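Survey of secondary and tertiary structure
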Amino acid sequence: MRQGQITLTIPLSGSVSGDGDLGGGKIQAISVPTITSGDLFVQGGFDTTSASFLRLLDPGLSNQTSGGDLRFATGLGSRMIVWPQDFSTPSYVRLETAVAQAAARSFIVRFSSA
């Protein structure tokens, strides 16, 4: 199993990172730096066409009134998110915070692939 990592950066005054190519792999963990505030969402796409990126849904919540967005309560950051083993990811991802960031923020995404 090949391991790798990518860095995704949310720009100053932004809330969405650039694209991350997982090379067909699966997220293992996300390192969240200190951030302004806000929950963390993960967007996925099958290619890098901007319009193809959509928030991932948590299959355990998809029939709930919350809309089922896969959401991590990261608060002010400095967190490590361990990805659920049975939850797959699309080929390309972006990270999104619920609040615009007061400075550029770099997240490390660890992934593995066969």
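Examining the packing of aromatic side chains
Throughout the structure, instances matching the rule amount to two aromatic pairs. Where phenylalanine 72 meets tryptophan 83, the ring centres are 5.9 Å apart and the plane angle is 45°; that geometry is what we call tilted. Residue phenylalanine 72 is found in strand β6 (residues 71–72), and its partner tryptophan 83 is found in the loop between β7 (77–82) and β8 (92–97); the two are separated by eleven residues along the sequence. Here a set of aromatic residues connected by ring pairs shows up, and it is made of Phe72, Trp83 and Phe87. A cation sits over an aromatic face here: arginine 55 above phenylalanine 41, 3.8 Å from the ring centre. Above the ring of phenylalanine 53, the side-chain terminus of arginine 94 is found at 3.9 Å from the ring centroid.

Notes on the sheet that holds strand β1 (residues 2–10)
The pairing of strands in a sheet comes from backbone hydrogen bonds and takes either a parallel or an antiparallel form. Taken together, four strands build an open sheet; the order of strands is β1-β9-β3-β7 and the sheet is antiparallel. A single partner strand is all that each edge strand has here, and the edge strands are β1 and β7. The average angle at which neighbouring strand axes cross in this sheet is 15°, direction not considered. Looking at chain direction, strand β3 (residues 26–34) and strand β9 (residues 105–113) are connected through five bridges and run antiparallel. Paired with isoleucine 27 across the bridge in β9 is phenylalanine 111.

Here's the deal with the nonpolar core
Counting residues in each nonpolar core, the largest one holds 21 residues, and the members touching the most others are Ile30, Leu40, Val42, Trp83, Leu95, Phe107 and Val109. When residues of this core are traced back to their parent elements, those giving at least two are β1, β3, β4 (40–45), β8 and β9.

Comments concerning the pairing of β8
β8 sits mainly inside the fold: five of its six residues count as buried. Two elements, strand β2 (residues 20–21) and β8, share two bridges in a ladder whose sense is antiparallel. Residue pairing for β8: aspartate 21 is matched across the bridge by tyrosine 92. Bridging between β4 and β8 involves six bridges; their strand directions are antiparallel. For glycine 45, the partnering residue across the bridge sits in β8 and is tyrosine 92.

What counts as what
Residues numbered from 1 in each chain as written. Predicted model: local features only at pLDDT ≥ 70, side-chain atom pairs only at ≥ 80, totals over all residues. Heavy atoms only, no water. Phe/Tyr/Trp six-rings, centres within 6.5 Å; stacked < 30°, edge-to-face > 60°. Helix = DSSP H or I, 4+ residues; strand = E, 2+ residues; numbered from the N terminus. Lys NZ or Arg CZ within 6 Å of the ring centre and 35° of its normal. Pairing = 2+ DSSP bridges. Axes fitted to C-alpha atoms, helices over the stretch in contact; angles between N-to-C directions. Core = buried A, V, L, I, M, F, W, Y, C linked by side-chain atoms within 4.5 Å. Buried < 20%, exposed > 50% of the residue type's maximum accessible area, 1.4 Å probe, protein only.

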